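# Geometric and topological summary
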Amino acid sequence: MTRFAAEKDEGRGVSEDAAFLAAHSAGDNRRLVELYRAAGLSRIDSGDIDAGCFFLTQAYVFSLEAGLRDSAELHGLLAARGREE
């Protein structure tokens, strides 16, 4: 079992891995941004800054690709942790 498999996606009983795979398969960038942001903030809240920033970077990339407004917020979160600029 991966370290993510035990975590649940929004209380629906779907593992984080499965949610990521489904969103990637569907090409749902909006959902990918949501998932990666949530995973990143969760990791940061638990003290794993490097993992958190990895997930936030993924969210940032997908938000840029999709032209979503989330990009500015995600950029700020990364910059505040020395990961951007």
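The coordinates are above.
So, about the pattern of salt bridges. Tallied over the full model, the rule gives six salt bridges. Glu34 is the partner of Arg31 in a salt bridge, and the nearest nitrogen-oxygen pair spans 3.4 Å. Linking Arg31 with Glu34, this pair stays in helix α2 (residues 29–45), spanning three residues, or about one helical turn. On the basis of relative accessible area, Arg31 is assigned to the buried category, the value being 15%. The partner of Arg83 in a salt bridge is Asp50, and the shortest N-O contact between them spans 2.3 Å. Placement of the pair is Arg83 in the segment after α4 (70–79) and Asp50 in helix α3 (residues 49–66), with a sequence separation of 33 residues. Of the residues examined, Arg83 reaches a relative accessible area of 35% and is grouped as partly exposed. The class of Asp50 is exposed, set by a relative accessible area of 56%. Within the structure, one salt-bridge network assembled from shared partners comprises Arg30, Arg37, Asp70 and Glu73.

Here the focus is the environment of Asp28. Mapped onto the elements of the fold, Asp28 is located in the loop between α1 (16–26) and α2. Along the sequence, Asp28 and Ala66 sit 38 residues apart, while their C-alpha atoms lie 9.4 Å from each other.

We now examine the nonpolar core. Formed by 18 residues in total, the largest nonpolar core has its most connected members in Phe20, Leu32, Tyr36, Leu56 and Leu74. Put simply, the parts of the chain that give this core at least two residues each are α1, α2, α3 and α4. Residues in contact with Leu74, not counting those within four places in the same chain, are Val33, Arg37, Leu56, Ala59, Tyr60 and Ser63.

For the rest of this paragraph, the subject is the packing of α1 against α2. The angle between the axes and the distance between the axes are what describe a pair of packed helices. Running from N to C, α1 and α2 point in directions that differ by 150°, and their axes come no closer than 9 Å. By the criterion of interaxial angle, the relationship of α1 to α2 is roughly antiparallel. In this structure, α1 meets α2 at a crossing whose hand is left-handed. Counted together, Glu16, Ala19, Phe20, Ala23 and His24 of α1 and Arg31, Leu32, Leu35, Tyr36, Ala39 and Arg43 of α2 form the full contact between these two elements.

Rules used throughout
- Starting from 1, residues in each chain are numbered consecutively following that chain's sequence as written.
- Only residues with pLDDT of at least 70 get local features here, since the model is predicted, and only at 80 or more are side-chain atom pairs given and counted; chain-wide, interface and lining totals rely on the full set of residues.
- As a convention, hydrogens and water are excluded, and side-chain values are obtained from all of the structure's heavy atoms.
- Just to be clear on terms, a salt bridge is a Lys or Arg side-chain nitrogen sitting within 4 Å of an Asp or Glu carboxyl oxygen.
- Put simply, DSSP marks the helices as runs of H or I at least four residues long and the strands as runs of E at least two long, and each gets a number from the N terminus on.
- Remark: exposure states derive from per-residue accessible area (1.4 Å probe, protein chains only) relative to the maximum for the residue type, with buried under 20%, exposed over 50%, and partly exposed in between.
- Here, nonpolar core refers to any group of buried Ala, Val, Leu, Ile, Met, Phe, Trp, Tyr and Cys residues whose side-chain atoms link them within 4.5 Å.
- The contact definition used throughout considers only heavy atoms, calling two residues in contact when any of these lie within 4.5 Å.
- Axis lines are fitted through C-alpha atoms, for helices just across the contact stretch, and the angle between N-to-C directions can take any value from 0 to 180 degrees.
- Should an angle lie under 35 degrees it is considered roughly parallel, over 145 roughly antiparallel, and from 65 to 115 roughly perpendicular; all remaining angles are considered oblique.
- Left-handed describes a crossing in which the near helix is turned anticlockwise from the far one by less than a right angle; the clockwise case is right-handed.

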